[in-house]
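# Topology and contacts: notes
Each chain, letter by letter, is given below.
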Amino acid sequence: MAKTASLREAYGRTLLELGRKYPDIVALDADLSHSTMTHFFASEFPDRFFNCGVAEQNMIGLAAGLAASGKIPFASTFAVFAPGRCFDQLRVSVAQPHLNVKIVMTHSGITVGEDGMSHQAIEDLALACSLVGFTVLVPSDAIETARAVTAAATTTGPFYIRLCRPESLLIHDESYKFLLGRAEQLRHGTQATIIAMGLMVAPALEAADRLKLDGIDCRVLNMATLRPLDAQSIVNAAVDTGAIVTVEEHLEHGGLGSSVAQVVVRTRPVPMEFVALKSYGESGKPAELLEKYGLTAKNIEHAVRSVLLRKNT
Amino acid sequence: MSTEKSIPELQEIARKIRRNIVTMVAKAASGHPGGSLSAVEIVTTLYFRIMNHNPANPEWSDRDRFILSKGHCSPVLYSVLAECGYFPVEELMTFRRINSRLQGHTHMGLPGVEMSAGSLGQGLSFAVGCALAGRVDKKPYRVYTLLGDGECEEGQVWEAAMAAAHFKVDNLVAVVDRNGLQIDGWTKDVMNLEPFPDKWRAYGWHTVETDGHDFNLLIDAFEHAQAVKRQPTVIIARTVKGKGVSYMEHNVDFHGKPPNQAQLEIALKELA
């Protein structure tokens, strides 16, 4: 049985460690500190933690003011509330003056599960990517989460980090070196490339392994940094493998697929397929939702087979 | 900068600032004179009498901060900053022009501008953040923010009001420029704010009402606020939109419209 771990817990524990190391780090939450796991930081540093109550717009404003005064604020709630509910605050108070605010959001995507469509952030990356100058990170497991949060703390500028609710398979081990802005190549492959991020990296690997049994050799890239995008790895994938499938637990517009396609059409047009959401979700168990909405290893495998048909014609 | 300007000196500075405001807006043929003119005494009092700041070192970490929440009233802030020496007065005439540091709505990067604004309702939250940072860092600075009265229709203002009282930030003073007018007319007709002082009191603020054009009263109000502990202070400053230019006073047409050349000449004559 493969090992799983919680990305949120990795965030909470990493934030606490970073808080011990960097006195300028402060944290904010909007009444969800036990879900986002900022409560670890809050209990050790009560004077550097600001629970804003159910008022996300104000939380972002506070974070902006704290950053403008030299602090390194980490603000957290559910991904459905930020950037969604406070997009204007992120745009005017944070992105336009390029302030050093870190937005770490949990409970992203349809795997929020039973809470249903209102709580399933499936457009947050489109919004985050439209905030000019934001670094946008989508870690694939708990170890990458810890690295991503550390990179955010030690790199000046606004960050959006997207974390899912369920525990996810560990893809990396403690020796993993996270490179900000660089795709991680997990499988070498020559016939097609699967580019995935977040929770979808594990099924992407599973699909690649199954395809291999049929003699289809896929490259797999973990695109944990969505902005700034690693265009070179995408170009290399297009040149070396001639076909690309993107996989994301997000709407097919404005997230990973659109971003990769933009690079591909500009540099080396090759056939592409997009495994992504096309509608709002509903209540259900995460695994049931992934199955119903087409985000499984089987769907990825199918997408690779279709893209290869177009490659060969 | 610890300037102790006398009242006549402040009045003379205010006159110059009003002349700058109408001239820069006329020259740009765009901008917001009405709410800039109503706030002249408030902003002048802060920069020339109350705040501890240093135009030669705008990034000084112990400086008092002024957060202009109603970012469209950039002309009053730019004029005051220029008169303080943050940048040359001549630069005011680049306002709203291509390649200028003086953006239509305030944007960080111009020396002395503490916040990028323009979308109403965000400044009070930002100011609370600055005040909390001062507390965490045990710094002595104070934070001032200026809101429009129409701006107080934004829900975020009340989220921030709740938070400021909850966190007991007593190094924060909010001033509301209560000129009673917003783009579509009188605030009482567009969206009634009253009982306005009671709302601030109910949110836990030390609430002061005063005449926003009287330097003596403004100085008293700001000095009094420094003695208030464990709660934020709001000064509701009764003002006249377009103050100082007869045809702009209480005239909502000049909320966001510049004077033409003939009107500018009348304004400058009145402000001579």
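Refer to the structure presented above.
Below is a short write-up of the structure. Please read these numbers as outputs of a predicted model, since none were measured by experiment.

Turning to the overall build of chain A, a few remarks are in order. Broken down by element type, chain A carries 12 helices and 14 strands. Here chain A has a C-alpha radius of gyration of 19 Å; the compact-globule value for 313 residues is 20 Å, and the two agree. The C-alpha extent of chain A, read off along each of the three principal axes, is 60 × 40 × 35 Å. Out of the 313 residues belonging to chain A, those deemed buried represent 64%. When contacts within chain A are restricted to residue pairs at least 6 apart in sequence, those whose partners lie at least 24 apart make up 79%. Separation between the mean location of the 29 positive side-chain charges and that of the 33 negative ones in chain A comes to 5 Å.

Once that is clear, we can look at the packing of helix H9 (residues 231-241) of chain A against helix H10 (residues 256-267) of chain A. All names here are of chain A. Contact geometry for H9 and H10: axes closest at 10 Å, N-to-C directions at 60°. In terms of axis orientation, H9 runs oblique to H10. Considering the relative orientation of H9 and H10, their crossing is right-handed. Note on element contacts: H10 touches H9 through Val260, Val263, Val264 and Thr267, opposite Ala231, Ile234 and Val235. Split by residue class, the contact of H9 with H10 holds six nonpolar, one polar and no charged.

To continue, consider the packing of helix H4 (residues 56-68) of chain A against helix H5 (residues 123-136) of chain B. At a closest axis distance of 6 Å, the pairing of H4 of chain A and H5 of chain B adopts a crossing angle of 50°. On the basis of their axis angle, the class for H4 of chain A and H5 of chain B is oblique. Note that H4 of chain A runs across H5 of chain B; the crossing there is right-handed. Facing H4 of chain A, whose interface residues are Asn58, Gly61, Leu62, Ala64, Gly65, Leu66 and Ala68 of chain A, H5 of chain B presents Ser125, Phe126, Val128, Gly129, Cys130, Leu132 and Ala133 of chain B. Partitioning the contact of H4 of chain A with H5 of chain B into residue classes produces nine nonpolar, five polar and no charged.

The rules behind each value
- Residues numbered from 1 in each chain as written.
- Chains lettered and ligands numbered in written order.
- Predicted model: local features only at pLDDT ≥ 70, side-chain atom pairs only at ≥ 80, totals over all residues.
- Heavy atoms only, no water.
- Helix = DSSP H or I, 4+ residues; strand = E, 2+ residues; numbered from the N terminus.
- Rg over C-alpha atoms; globule rule 2.2 N^0.38 Å.
- Buried < 20%, exposed > 50% of the residue type's maximum accessible area, 1.4 Å probe, protein only.
- Contact = heavy atoms within 4.5 Å.
- Lys, Arg positive; Asp, Glu negative; His and termini not counted.
- Charge placed at Lys NZ, Arg CZ, Asp CG, Glu CD.
- Axes fitted to C-alpha atoms, helices over the stretch in contact; angles between N-to-C directions.
- Parallel < 35°, antiparallel > 145°, perpendicular 65-115°, else oblique.
- Left-handed = near helix turned anticlockwise from the far one by under 90°.
- Nonpolar A, V, L, I, M, F, W, Y, C, P; charged D, E, K, R; others polar.

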